[in-house]
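What follows is each chain in one-letter form.
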Amino acid sequence: MKYLPVVAVVTLLAGASALAQTTPHNKPVSVDLPAANYEFKDGPNVNLARSRCIVCHSSDYVYMQPPLTQKQWTNEVNKMVKAYGATIPPEEVEPIVQYLMSQNGKT
Amino acid sequence: MQSRRSFIITASALGAWAASAGAARAANSVTLPFANGTRVLARYPQKRELIVMTSSPVQLETPFSVFNEGVFTPNDAFFVRWHLAGVPTTIDPAAFRISVHGLVDRELSLSLHDLRAFEPVEIAAVCECAGNSRGYSTPRVPGGQWSNGAMGNALWRGARLRDVLERAGVKAGAVQVRFSGLEKPVLPTTPAFVKAFGIRLALSEDVIIAYEMNGAPLPLLNGFPVRLVVPGFYSTYWVKMLNNIEVIDHVDDNFWMKTAYRIPATPGGNVDPAATGFATVPVGTLTIRSFITSVPDGATIPARATTISGIAFNAGSGIKLVEFSSDGGTTWSAATLGRDYGRYSFRPWSVRFEPKAGQSYVLACRATGNDGETQPATPGWNPSGYLRNVIETTKVSVA
């Protein structure tokens, strides 16, 4: 998997200590999250997955699922469009489902 | 009551089996016992190494061995579940405000200083994802494929939601209160994460706006600086980075209430996998569960008397009884309940067990609540994989 060993950083922003009554509760907190995994493996229409899916989520959302049927993947893609407002043109739904089936399909 | 000594003993036993038993383990990854169960292990800010289910939005699972460390789940091991990728990574508590508005006499804009001026209350409560253990649904269902680690127990400290609402003055005609936080969608077309529940629950004494978790500020990934704590209810309602409270005169119908987080309106929320067209309701209170934590599934244990221990919890009637079986649930005997930290908390339990050399055992535990509810011997099923609470079994062989 494509995770870099990222050291967790919790930084207290400059200036916070200037407040006389500063407690652990009112110091600003800033974190650096590890890089998300957007790697989609090669497969038919992978360019669509790489351009559409990663707008909202990492690729592990696909690979952690149990193998799903074509009907289930179609439901998932349609849910992304209808429920979550993904900007996927109707003609791309089937090619994306084809890609998902190639990666984690149950036939 | 479980002594400190027994915790130390079980902790050292944990070290002994960690290398040999449980989930298959390679460096920086773990394989949960279902298809596509291999996960990266990684350290996120303010967190120890956790199981990465997804990296954006971030979803991290607590390794199950953590539940043997004590009744309270450490903040750095507490599971993480965000819904939308737009989670702020910098929070300035001094600038943070909670807006209270809608059907109220006085709109409020509360600073954290204001919030701390309300009477502080503390409550031990289990925070569990409605989809905890979804990976074990049979047949499998799409969704977050958790093992059993999308839960945790913490001592929460904060202000009562009721006190805040009374300061604002709830007007007649209030039906629900809806809540949202700083979590934002990437696309303007994606529904904002908004949750709602009835005014009666909102005005009950146990719902709090928490600014502390186990005696410390919340980790950012668990909702710093404040999250809603709704004891007994699934964590979907425990809105993180809570900054918006609105009293409304109707039942909220946004996506996260009307479409997502729904269960069949059937006994136990169960349906046949082939069923269609059934009515649904929003997920609500926790099902009763219990787990063995002192020994993992598949372990080899020595042939000498030992203590098997674990946890049990439910939606708030409290745990009346935990029973233990070493023959897969054919015969049961009562376990000893440990210290009671409150009716919404994990309740520790333990039992003496004398394994015989060369034998294999299927250990099981079963909790019964003060409301009489107990755990089923066979798992229920619903299309979203919610509410799992089947009797868990732990197979061990004796050296």
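Here the structure is a predicted model, which means the values were calculated and not measured. (Residues numbered from 1 in each chain as written. Chains lettered and ligands numbered in written order. Predicted model: local features only at pLDDT ≥ 70, side-chain atom pairs only at ≥ 80, totals over all residues. Heavy atoms only, no water.)

Undergrad: Whenever I open this one, the sheet that holds strand β11 (residues 151–160) of chain B confuses me. Can you help?
TA: One key point about sheets: their strands pair by backbone hydrogen bonds, in either a parallel or an antiparallel sense. Residue and element names in this part refer to chain B. The 4 strands lie next to each other as β10-β11-β14-β15, forming an open sheet whose pairing is antiparallel. Looking at the sheet topology across the chains shown, the edges are occupied by β10 (120–128) and β15 (227–229). Each neighbouring strand pair of the sheet contributes to a mean axis angle of 55°, computed without reference to strand direction. Here strand β14 (residues 208–213) pairs with β15 via 3 bridges, running antiparallel. When the bridges of β15 are listed, A210 appears paired with R227. Across the sheet, helix α3 (residues 161–168) lies against β11, β14 and β15, angled at about 30° from β11, the strand it touches most. (Pairing = 2+ DSSP bridges. Helix = DSSP H or I, 4+ residues; strand = E, 2+ residues; numbered from the N terminus. Axes fitted to C-alpha atoms, helices over the stretch in contact; angles between N-to-C directions. Contact = heavy atoms within 4.5 Å.)

Undergrad: What's the story with the sheet that holds strand β22 (residues 319–325) of chain B in this structure? I'm lost.
TA: Residues and elements named next belong to chain B. Taking strand neighbours across the sheet as the criterion, the 5 strands line up as β20-β27-β26-β22-β23 in an open arrangement whose pairing is mixed. One side of each edge strand has no neighbouring strand; the edge strands of this open sheet are β20 (299–301) and β23 (333–334). In the sheet, β20 pairs with strand β27 (residues 392–398) via 3 bridges, with the strands oriented parallel. Within the sheet, the bridge partner assigned to I301 lies in β27 and is V398.

Undergrad: Would you take a moment to explain unusual backbone geometry for this structure?
TA: Leaving glycine out, the prevailing phi sign among residues is negative, and the prevailing peptide bond configuration is trans. All names here are of chain B. The residue after S56, namely P57, is reached through a cis peptide bond having omega -15°. Position of P57 among the secondary structure elements: in the loop between β4 (49–55) and β5 (58–61). Look at the link from F224 to P225: it is a cis peptide, with omega at 10°. Along the polypeptide, P225 turns up in the loop between β14 and β15. Phi is positive for Q46, close to 65°, though the residue is something other than glycine. Looking at the secondary structure, you find Q46 in the loop between β3 (38–43) and β4. Overall, Q46 belongs to the partly exposed group, its relative accessible area being 26%. Within the chain, N214 stands out as a residue other than glycine whose phi angle is a positive 55°. (Buried < 20%, exposed > 50% of the residue type's maximum accessible area, 1.4 Å probe, protein only.)

Undergrad: Would you mind showing me how to read the side chain of K240 of chain B here?
TA: Residue and element names in this part refer to chain B. With respect to the element layout, K240 can be found in the loop between β15 and β16 (242–248). A polar side-chain atom of K240 sits 2.8 Å from the main-chain carbonyl oxygen of R81. Ignoring anything within four residues of it in the chain, the contact list for K240 reads R81, W82, G181, L182, L221, N222, G223, V226 and R227. (Polar contact = N/O pair within 3.5 Å; in protein donor to acceptor, adjacent residues only side chain to side chain.)

Undergrad: Sorry, what's going on with helix α4 (residues 90–104) of chain A here?
TA: Every α-helical turn comprises 3.6 residues, leaving residues that sit three or four positions apart pointing alike. Residue and element names in this part refer to chain A. Compared with the 21 Å implied by 1.5 Å per residue over 15 residues, the 22 Å span of α4 between its first and last C-alpha is a close match. Along α4, the residues that are buried comprise E92, V93, I96, V97, Y99, L100, M101, Q103 and N104. Against the buried residues of α4 lie α1 (46–52), α2 (60–63) and α3 (70–82). (Expected span 1.5 Å × (residues − 1).)

Undergrad: Even after reading the chapter, I still don't get the domain arrangement of chain B, so can you show me in this structure?
TA: All names here are of chain B. With domains assigned, chain B is organised as domain 1 (98–260) and domain 2 (289–398). On a C-alpha basis, the centres of domain 1 and domain 2 stand 30 Å from each other. In this complex, domain 1 contributes 23 residues to the contact, which on the side of domain 2 involves 19 residues. In terms of surface lost to domain 2, no three residues of domain 1 exceed A124, V126 and M151, which account for 23% of the buried area on that side. Taking the shortest distance from any N to any O, the salt bridge between R289 and E128 comes out at 3.0 Å. Linking domain 1 with domain 2 are 11 residue pairs in polar contact (both at pLDDT 80 or more). When contributions to the side of domain 1 that touches domain 2 are tallied by element, the ones reaching two or more residues are β10 and β11. Residue contributions to the side of domain 1 that touches domain 2 peak at 5 residues, all from β10. (Domains from an automatic or database assignment. Buried area = accessible area lost by both parts, 1.4 Å probe. Salt bridge = Lys/Arg side-chain N within 4 Å of Asp/Glu carboxyl O.)

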